[in-house]
Amino acid sequence: MELARRIRQIPPSATLALNAKANQLKAQGVDVVNFGVGEPDFDTPKNIRKAAIKAIEDGFTRYTPVGGILELKEAIIKTFHDRYHLSYSPAEIMVSCGGKHALYNLFQVIFDQGDEVVVPAPFWVSYPPMLMLAEAKPVIIPTREENGFKLTAEELKAQLTPKTKGLILNSPSNPTGMVYTQAELEALAEVVLAHNLLVISDDIYDRILFDGASFVNLAMLSPELKARTFVLNGLSKTYAMTGWRIGYAAGPSEAIQAAINLQSQSTSNPTSISQKAGVEALTGPQDTVAAMVKEFAWRRDDIYNRIRAIPGLTTPKPGGAFYIFPNFSAYYDRLNPRPGQSHSQALAEYLLEEARVAAVPGAEFGEDRCIRLSYATSRERIATGVERIAAALRNLGK
Ligand SMILES: Cc1ncc(COP(=O)(O)O)c(C=O)c1O
């Protein structure tokens, strides 16, 4: 069957084969340390689970308003206000089936065919394909490790054309864990305003922040910036709710209402039960978030120190999320990638086979020199996994 052009332009994920191999090894009883996961290794807190059970028992199991129930929108609005002094009305909020879905809806309604959208690399894997599905053109700008993999105003300016319509920012970042400072965002903001860009601020890791840092995004810097910024967030990471599928976007109502219109023709509302759980997540006790972040901070220190002790590896210190993105390129001359395989894919494959460690090649994120390690796994597994990596690299002979 000839499939639609739309989907033929989206390449299948290169890590699928690697994942399949990792799963095959696990099924054979091989002990694989999994640094590949993109979700917290914590359970959804009990108060949230209970709220969902109550929703079912109360019969809250029917269609809801497409863009989310008012009670949840109000909880989201209060969270934005209390945490970041950002004011939104319910018409400026869309609740979708996960942050990914909210982004997809937004891209479909704010970008048109041929619009150029700047995506700083390393980037979250889904941005380029989602932009392509909106017929927009992802313009990938490589950032520098010595700048903490953060986009500078000069780098942004150098890539602008009359067709540039948007900029995607993600802080704390997946895959690097890097966090933009207010001064860095202010420098980017000048370019954004001067060139009339729309900004998508993917803040999904905003609460997983270390070293006492305060979160800041572009919308918080001025009303002019807020008027051109779409803030994306969700419950998946903060409340360990990846399977519940609740994400949301906040921004100018015209676009948000258009995105809700699109959602009405595809999924309709996000799950009624998950929405009630979401109200409890945002308005209930927040101590589980603090406990999770404290544990991630401990692991961040531990994995950072262990990685830095391995000869040849370099990495900036992540300030948030639960990823570290070390540069392994000092070892690349020892590898023989197969035709079509990148160095990071070859090294990730070597680590899986030789060290029994699963990790995601940097090529997936637009930075082939690095490999992403997720530390959403126990302290013991982190120690074991990094020791295995060190031994496997020693065997490569450096
Ligand atoms: C940077 C980033 N944005 C958005 C998402 C979307 O998460 P969800 O669809 O579970 O809300 C993820 C999930 O991995 C992510 O890493």
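Owing to the predicted nature of the structure, the values given are computational and were not obtained by experimental measurement. (Residues numbered from 1 in each chain as written. Predicted model: local features only at pLDDT ≥ 70, side-chain atom pairs only at ≥ 80, totals over all residues. Heavy atoms only, no water.)

Novice: I'd like a description of the side chain of E116, backed by residues and values.
Specialist: Mapped onto the secondary structure, E116 falls in strand β3 (residues 116-121). Polar side-chain contacts of E116 include one of 2.8 Å to the side chain of T161. Those residues in contact with E116 that sit more than four places away from it in its chain are K137, V139, T161, K163, T164, K165 and G166. (Helix = DSSP H or I, 4+ residues; strand = E, 2+ residues; numbered from the N terminus. Polar contact = N/O pair within 3.5 Å; in protein donor to acceptor, adjacent residues only side chain to side chain. Contact = heavy atoms within 4.5 Å.)

Novice: So, the domain arrangement of the protein: which residues are in play, and what are the values?
Specialist: Interfaces are frequently sized by the accessible area removed from exposure as the parts join. Taken domain by domain, the protein comprises domain 1 (5-43 + 288-396) and domain 2 (47-283). Here the C-alpha centroids of domain 1 and domain 2 sit 26 Å apart. Counting from both sides, the interface comprises 35 residues of domain 1 and, opposite them, 31 residues of domain 2. Among the residues domain 1 hides against domain 2, the three largest losses belong to V289, P316 and F365. Together they make up 19% of the total. Scanning the region where domain 1 abuts domain 2 turns up two salt bridges. (Domains from an automatic or database assignment. Buried area = accessible area lost by both parts, 1.4 Å probe. Salt bridge = Lys/Arg side-chain N within 4 Å of Asp/Glu carboxyl O.)

Novice: Describe the sheet that holds strand β4 (residues 137-142), naming the residues involved and giving the relevant values.
Specialist: With mixed pairing, seven strands are arranged side by side in an open sheet as β2-β8-β7-β6-β5-β3-β4. Of all the strands in the sheet, just β2 (93-96) and β4 have a single pairing partner and so form its edges. Each neighbouring strand pair of the sheet contributes to a mean axis angle of 20°, computed without reference to strand direction. Judged from the four bridges that link them, β2 and strand β8 (residues 247-250) form a sheet pairing that is antiparallel. Within β8, the residue paired with M94 across the bridge is A249. Here helix α4 (residues 70-84) sits on the sheet and contacts β2, β7 (229-234) and β8; the angle it forms with β2, its principal contact strand, is near 120°. Helix α10 (residues 253-264) contacts β2, β7 and β8 of the sheet and is inclined by roughly 25° relative to β2. (Pairing = 2+ DSSP bridges. Axes fitted to C-alpha atoms, helices over the stretch in contact; angles between N-to-C directions.)

Novice: Outline the pairing of strand β5 (residues 164-170), supporting the account with residue identities and numerical values.
Specialist: The buried fraction of β5 is high, at six of seven residues. Bridge count between β3 and β5: three bridges; the pairing is parallel. Within the sheet, the bridge partner assigned to V117 lies in β5 and is G166. In this sheet, strand β6 (residues 198-202) lies alongside β5 in parallel orientation, the contact comprising five bridges. Paired with G166 across the strands is L198, a residue of β6. Once the chain exits β5 it traverses helix α8 (residues 182-194) before rejoining the sheet at β6, and the crossover so formed is right-handed. (Buried < 20%, exposed > 50% of the residue type's maximum accessible area, 1.4 Å probe, protein only. Right-handed = clockwise from strand over helix to strand, strands pointing away.)

Novice: Account for the pattern of salt bridges, with residues named and values stated.
Specialist: Evaluation of the coordinates by the stated rule reveals 23 salt bridges. Between E2 and R8 there is a salt bridge, with its nearest N and O atoms 3.7 Å apart.

Novice: Describe the UniProt feature "domain: Aminotransferase class I/classII large" (unreviewed entry) in the protein, listing the residues and the values that go with them.
Specialist: Under the feature "domain: Aminotransferase class I/classII large" (unreviewed entry), the UniProt entry names residues 31-389. Taken end to end, residues 31-389 is 39% helix and 14% strand, and its two terminal C-alpha atoms sit 14 Å from one another. (UniProt positions renumbered as here; feature names shortened; annotations may be inferred.)

Novice: How would you explain the site of the ligand if you had to name every residue and give the values?
Specialist: Of all residues adjacent to the ligand, which total 13 residues, the nearest are G99, D202, S236, K237 and R245. A distance of 2.8 Å separates an oxygen atom of the ligand from a polar side-chain atom of Y205. Protein chains shield 92% of the accessible area of the ligand, which is 400 Å² for the free molecule. Residues of the shell around the ligand, tallied by class, amount to four nonpolar, five polar and four charged. (Near = heavy atom within 4 Å. Areas by Shrake-Rupley, 256 points an atom, 1.4 Å probe, with all protein chains shown as cover. Nonpolar A, V, L, I, M, F, W, Y, C, P; charged D, E, K, R; others polar.)

Novice: How would you summarise α4 if you had to cite specific residues and measurements?
Specialist: The end-to-end C-alpha distance of α4, which contains 15 residues, comes to 20 Å, matching closely the 21 Å that a straight helix rising 1.5 Å per residue would cover. Among all positions in α4, only L72, K73, A75, I76, I77, T79, F80 and Y84 are buried. Contacts from the buried residues of α4 go to β2, β7, β8, α10 and α11 (272-283). Positive backbone phi, at 55°, marks H85, one or two positions downstream of α4. (Expected span 1.5 Å × (residues − 1).)

Novice: Please give an account of helix α12 (residues 287-308) that cites residues and values.
Specialist: When the terminal C-alpha atoms of α12 are compared, their 32 Å separation across 22 residues agrees well with the 32 Å that a helix rising 1.5 Å per residue should span. Where α12 is concerned, the buried positions are V289, M292, V293, E295, F296, A297, R299, R300, D302, I303, Y304 and I307. On its buried face, α12 is in contact with β9 (323-324), β12 (371-374) and α14 (379-396).

Novice: Residues and numbers for the pairing of β7, please.
Specialist: Among the six residues that make up β7, six are buried, leaving the element largely enclosed by the rest of the structure. Burial along β7 is two-sided: the face carrying T229, V231 and N233 and the face carrying F230, L232 and G234 are both buried. Here β6 runs beside β7; their pairing, made up of four bridges, is parallel. From the neighbouring strand, I200 faces β7, where its bridge partner is F230. By the bridge criterion, four bridges tie β7 to β8 in an arrangement that is antiparallel. Residue pairing across strands places V231 opposite A250, the latter belonging to β8.

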